[in-house]
Amino acid sequence: MSPIIDARGLTVSYRVGSASLARLRRRPDPVVHAIDEIDLVVERGASVGIVGESGCGKSTLAKALVGLAPLSAGTFALDGEQLGTRRTPQQTRRIQMVFQDPSASLNPSMTIGQTLRELLRVHDMVPAEQVHQRAGELLELVELPVSLLNAYPRRLSGGQRQRVGIARALALEPEVLVADESVAALDVSVQAAILNLLQKLRTELGLTLLFISHDLAVVRHISDRVVVMYLGKVVEDRLTEDLFRDPRHPYTAALLASAPRMGVERRSGDTALGSEPGSLHSIPSGCRFHPRCPIAQDLCRETEPALLGPTAAQHAACHFAWTNRPDESAHRGGGEPDQGRLVRMVTR
Ligand SMILES: Nc1ncnc2c1ncn2[C@@H]1O[C@H](COP(=O)(O)OP(=O)(O)OP(=O)(O)O)[C@@H](O)[C@H]1O
Ligand code: SF4
Ligand SMILES: [Mg+2]
């Protein structure tokens, strides 16, 4: 069976200056790669968390997958069907996004019922005579009273609005739900309720869930697998408990060490993230984490590490992820690690 998500080399570039000025100066087009050659393979029904510091490209990856950000390079197949940025309505329905701020995307002058019914009609999801009933069922699915069909968004609490945001995504009967910081703006108790709802929906509807969050505790709770991003790249991709127990990329280790309640064991060389995140405008040579890495060697400054691992479920992009780590205090000119037995997640 093909994976539900099979993305290879996904790249999204944004222009960050004047193209004509660059031509006059005989310089290349001024672009940054917000995501840079990302590979992501996800099996149907999985729950994958995506984490990383602000600006690392999490939302851009989400938008690329749902067709809201045009790809500069790479391919994306959904259950074997190649999808570009221009999608048919049928293709659009298959992968839907739940945003951080549902208020921003709910029309304040329409009741919840009007919003849901319009969506169902535009996408021709059910026969006209069933639209009203289906709108009610959608509210029940997200555990809201059907009476809220007559309510305007301003009458709803933040948690209720987010449930409506989820109902709206589910109205199109997607196979994949991409939740981008969907609980970040909510109180902790409301967050827990929404997370439980997402888990329940995933199981009951057989959804595949991509869950983007700054909050590692939340990601640990909801995900079977975690993808860690740094400056537009995937740097670690592991089963959740493996990653939290034994992070293999120094950036992941530092992220976890920065979240003190995670109960992660520190190893020699792990430091919490103190320095500023790097900038897409000046990507470091070799490993892009090297200016912040406590165990960087000469090799790291020269050669970009590939995303490799000993099994299909264990990948990290660090020269020393699966070998003996250099000591932080050791001479910084270490030799090349033996990576002969490691495999790439996908073969292009
Ligand atoms: N439309 C755009 N034009 C130019 N640059 C952009 C655009 N959208 C995003 N970027 C840049 O791309 C990079 C990745 O942004 P993105 O929003 O994907 O990050 P993120 O990981 O979701 O961050 P956050 O955690 O703050 O939401 C950032 O440097 C951002 O400034
Ligand atoms: S490749 Fe080198 S700089 Fe990059 S994370 Fe690994 S040890 Fe640090
Ligand atoms: Mg974002």
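**Q** Explain the sheet that holds strand β4 (residues 73-78) to me, please; I cannot follow it from the model alone.
**A** Hydrogen bonds between backbone atoms are what pair the strands of a sheet, whose relative direction is either parallel or antiparallel. Spatially, the four strands line up as an open sheet ordered β2-β1-β4-β5, and their pairing is antiparallel. Of all strands in the sheet, those with a lone pairing partner are β2 (31-42) and β5 (81-82), marking the two edges. Sheet topology places strand β1 (residues 5-15) next to β2; eight bridges connect them, and they run antiparallel. Paired with D6 across the strands is V41, a residue of β2. Contacting β1, β2 and β4, helix α2 (residues 58-66) runs over the sheet at an angle of about 65 degrees to β2.

**Q** What is the right way to read the site of ligand 2 from this model?
**A** Close contacts around ligand 2 come from 13 residues, with C287, C293, C300, C318 and H319 the closest. In terms of residue class, the shell around ligand 2 is made up of 10 nonpolar, three polar and no charged.

**Q** I'm lost on the site of ligand 1 in this one. Help?
**A** The local shell around ligand 1 consists of Y14, A34, E53, S54, G55, C56, G57, K58, S59, T60, H214 and L280. No other element matches the three residues that α2 contributes to the shell around ligand 1. For the shell around ligand 1, the residue count by class is four nonpolar, six polar and two charged.

**Q** Is there a simple way to think about the sheet that holds strand β12 (residues 314-316) in this case?
**A** Strand order in the open sheet made by the nine strands is β6-β7-β8-β3-β9-β10-β12-β11-β13, with mixed pairing throughout. What marks the edges here is a single partner per strand, and that holds for β6 (95-98) and β13 (343-344). Relative to strand β8 (residues 208-212), strand β3 (residues 47-51) runs parallel, the two sharing four bridges. Each residue of the ladder has a partner; that of V48, found in β8, is L210. In the packing of α2 onto the sheet, contacts are made with β3, β6, β7 (176-180), β8 and β9 (225-230), and the angle to β6 comes to roughly 145 degrees.

**Q** Help me understand the packing of helix α7 (residues 158-171) against helix α8 (residues 188-205) in this model?
**A** When two helices pack together, their arrangement is given by the angle between the helix axes and by the axis-to-axis distance. At a closest axis distance of 10 Å, the pairing of α7 and α8 adopts a crossing angle of 20 degrees. With respect to α8, the axis of α7 lies roughly parallel. Crossing geometry of α7 relative to α8 is assigned as right-handed. Where α7 abuts α8, its residues G159, Q162, R163, I166 and L170 lie against V190, A193, I194, L197, L198, L201 and L205. Grouping the constituent residues of the contact of α7 with α8 by class yields nine nonpolar, two polar and one charged.

How each quantity is defined
Residues numbered from 1 in each chain as written. Chains lettered and ligands numbered in written order. Predicted model: local features only at pLDDT ≥ 70, side-chain atom pairs only at ≥ 80, totals over all residues. Heavy atoms only, no water. Pairing = 2+ DSSP bridges. Helix = DSSP H or I, 4+ residues; strand = E, 2+ residues; numbered from the N terminus. Contact = heavy atoms within 4.5 Å. Axes fitted to C-alpha atoms, helices over the stretch in contact; angles between N-to-C directions. Near = heavy atom within 4 Å. Nonpolar A, V, L, I, M, F, W, Y, C, P; charged D, E, K, R; others polar. Parallel < 35°, antiparallel > 145°, perpendicular 65-115°, else oblique. Left-handed = near helix turned anticlockwise from the far one by under 90°.

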